[in-house]
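Working through the structure, step by step
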Amino acid sequence: MKRKFILSGSFAMIWLLISVFFAVYWAQEIGEDLPVVYVWWVIIGIALLPGFLMSMMFFSNILNWKRNMYPDTDEDVTILMCAHNEAQVIEKAVRAVLAQKYAGNIRLIIVDNASEDHTKEKIEVMKKIPSDCVIEYTYCEKIGKSNALNHGLAMVDTAYFITVDADTCLQKHAVQKIMNHIVSCKSACVAANLFVKNAEESFITKMQNYDYFLSIAAVKRFQGAYHSTLVAQGAFSAYNTKAVRAVGGWKNVMGEDIVLTYEMLEKGMKSDYEPLAVGYTIVPKTLKELYKQRKRWAIGMLEGLGTVPPWKQGNIYSVFFTMVNCSVIYLDLAFLFGFLPGLLLAFAGYYYFVGFCTLFTVLLSLFMYSSMYLYQQELGIQHEDSLTGFLCFFISFQIIQSAASLQGYISCLLGKKEKWK
């Protein structure tokens, strides 16, 4: 593991040195018209640093291409499913749990978080379906996902449990795959591989389809190879019950899953990723909904960094990855206030920041996405493809992501409170 980390870092450093060689001439030319400090601030933020990080991730994922296979476990497990006004979608999520091909016993605890629709009635109908899985309903009157999760955690009596969102449907072997991993590796948590369920619903969902399939999955593979996945997402992840209770469960914050993972990493616990454990989740279908979600994610990242800053992390790998998360703030700012103005200037014939080094980064992105696409395809899991969706994701998704993140950073700094729903 250490050797592969050093090798991928060395390859990335070579890429960086080559890029710097060209960037010096690039900066000298632009510096004749623009302030030198601003020029280097933009070049580092849109070309050098992204190129280094993407090349390290690319090389690491290549070196860690082979998937680990674990023996089947029959360890009993509890699934926590929290629901707040989920009557329209929860039936499919519950049926997917009931259809699991798992060697052990599954106990499904559904936490109704003060729903005002027909969520309870839907659950009562599901309880009548013949199944080896035991379904239990419980009501949590205090609104907030962390409150609902902690309410359910108090009822868990198994060594491991899994969280599944009420709008997420599990592939039929998902529980077996994620349980095999967490039991064999004795991990504190294992993040699953999320695909988009409503990929064909709108232009916005088509873009997110590739964000999950290529970008998010690539990052989790990179981090998981070193037992330092920074987010065991609440939508579908497995946890060691003692480990979660040792850190006090979920905190009442926007990014409750991020903070929980950071706290376990701080104590030197392992946070992994299992690509064969697949869940299909419903993503925002409008630009407004997507913008709000990514704003919340940015707030959650800052909450995690505020709770456990990089220098308090438990090992060198989690220190590195949390430092990368810190740099994301700078990368978002450089993209919004460097690359986008540079793109507008390029249309006017002034190629200040849209040049050779940025082309390096674009090519590296395409290499990385191509390798990730092949890796995901080898899993043999159903996935909806769309050339339009990929092109829109590649060209415009970062604009939405960075703009929403910037508002999230500002909101967090101003201490504004966001809602779970």
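Residues numbered from 1 in each chain as written. Predicted model: local features only at pLDDT ≥ 70, side-chain atom pairs only at ≥ 80, totals over all residues. Heavy atoms only, no water.

Scanning the protein chain for helices and strands turns up 13 helices and 8 strands. For the protein chain, the C-alpha radius of gyration of 22 Å lies close to 22 Å, the compact-globule estimate for 421 residues. The principal-axis extents of the C-alpha atoms in the protein chain amount to approximately 75 × 45 × 40 Å. Of all 421 residues assigned to the protein chain, the portion counted as buried reaches 56%. Residue pairs in contact within the protein chain that sit at least 24 positions apart in sequence constitute 85% of those at least 6 positions apart. Surface exposure of the protein chain reaches about 18900 Å², of which carbon and sulfur atoms provide 61%. Put simply, the protein chain has 38 plus and 36 minus side-chain charges, and the middle of one group is 3 Å from the middle of the other. (Helix = DSSP H or I, 4+ residues; strand = E, 2+ residues; numbered from the N terminus. Rg over C-alpha atoms; globule rule 2.2 N^0.38 Å. Buried < 20%, exposed > 50% of the residue type's maximum accessible area, 1.4 Å probe, protein only. Contact = heavy atoms within 4.5 Å. Areas by Shrake-Rupley, 256 points an atom, 1.4 Å probe, with all protein chains shown as cover. Lys, Arg positive; Asp, Glu negative; His and termini not counted. Charge placed at Lys NZ, Arg CZ, Asp CG, Glu CD.)

Residues of helix α3 (residues 90-98) that are buried include every one of Ile-90, Ala-93, Val-94, Ala-96, Val-97 and Leu-98, and no others. On its buried face, α3 sits against β1 (77-83), β2 (106-113), α4 (119-126), β3 (134-140) and β5 (168-170).

The next point concerns the side chain of Gln-176. Secondary-structure assignment places Gln-176 in helix α6 (residues 174-185). Relative accessible area serves as the criterion here: at 7%, Gln-176 is assigned to the buried category. Within the structure, Gln-176 has its side chain in polar contact with the backbone nitrogen of Ala-103 (distance 2.9 Å). Apart from residues no more than four positions distant in its own chain, Gln-176 is found in contact with Asp-72, Thr-73, Lys-101, Tyr-102 and Ala-103. (Polar contact = N/O pair within 3.5 Å; in protein donor to acceptor, adjacent residues only side chain to side chain.)

This brings us to the pairing of β2. Successive residues of a regular strand alternate their side chains across the two faces of the sheet. Burial analysis of β2 places 8 of its 8 residues in the buried class, which makes it a mostly covered element. Covered by surrounding structure in β2 are Ile-106, Leu-108, Ile-110 and Asp-112 together with Arg-107, Ile-109, Val-111 and Asn-113, the residues of both alternating faces. The pairing of β1 with β2 spans 7 bridges and is classified as parallel. Bridge pairing links Val-77 to Ile-106 in β2. Where the polypeptide runs from β1 across α3 and back to β2, its parallel neighbour, the crossover connection is right-handed. One ladder, built from 7 bridges, connects β2 with β3; its direction is parallel. The residue of β3 that forms the bridge with Ile-109 is Glu-136. (Pairing = 2+ DSSP bridges. Right-handed = clockwise from strand over helix to strand, strands pointing away.)

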